[in-house]
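Summary of the model geometry
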Amino acid sequence: PPLSFTTRMEGSSQQAPLVCPGHSRGVVQVSFSNSTPDGVFLLSACLDGKPMLRRGDTGDWIGTFEGHKGAVWSAKFDAPAFRAATGSADF
């Protein structure tokens, strides 16, 4: 099933649901970046081993991180959202 959650739209008191298709297995963590000049981003850690980067306001796909050989259990941004780190049990 697609990743689905509710986000507060910038400058508004309304919340809007986001549906983010693309993962083939369960999502175990979603991290939001701090606000940047380019907006807010979200990063999903998933059991399919492919963390995804998306726009935080629309859920639009930006890219998929590749290289893990197993499930990705965590994903975080650094404070200015210049870098992201993912954690997996593959070694």
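Let me sum up the structure you'll find in this document.

Conventions and cut-offs
- Residues numbered from 1 in each chain as written.
- Predicted model: local features only at pLDDT ≥ 70, side-chain atom pairs only at ≥ 80, totals over all residues.
- Heavy atoms only, no water.
- Helix = DSSP H or I, 4+ residues; strand = E, 2+ residues; numbered from the N terminus.
- Buried < 20%, exposed > 50% of the residue type's maximum accessible area, 1.4 Å probe, protein only.
- Pairing = 2+ DSSP bridges.
- Salt bridge = Lys/Arg side-chain N within 4 Å of Asp/Glu carboxyl O.

This brings us to the environment of Ala-79. When you line up the elements, Ala-79 lands in the loop between strand S7 (72-77) and strand S8 (84-88). Under the relative-accessibility criterion, Ala-79 is labelled exposed at 55%. As a C-alpha pair, Ala-79 and Ser-33 span 46 residues in sequence and 7.3 Å in three-dimensional space.

Turning next to the pairing of strand S4 (residues 41-46). Counting buried residues in S4 gives 6 out of 6 residues, a clear majority hidden from the surface. Sheet topology note: the strand S3 (residues 27-32)/S4 ladder contains 5 bridges and is antiparallel. Looking across to S4, one finds that Val-30 is bridged to Ser-44. Where S4 and strand S5 (residues 52-55) come together, 4 bridges link them in antiparallel fashion.

Applying the stated criterion across every chain, the model contains 2 salt bridges. Here Arg-55 makes a salt bridge to Asp-57, at a shortest N to O gap of 2.9 Å. A residue is classified by how much of its surface remains accessible, and Arg-55, at 29% relative accessible area, is partly exposed. For Asp-57, a relative accessible area of 43% puts it in the partly exposed group. Between Asp-78 and Arg-83 there is a salt bridge whose closest N-O contact spans 3.8 Å. Take Asp-78: its relative accessible area is 23%, and that puts it in the partly exposed class. In this structure Arg-83 comes out as exposed when scored by relative accessible area, which is 60%.

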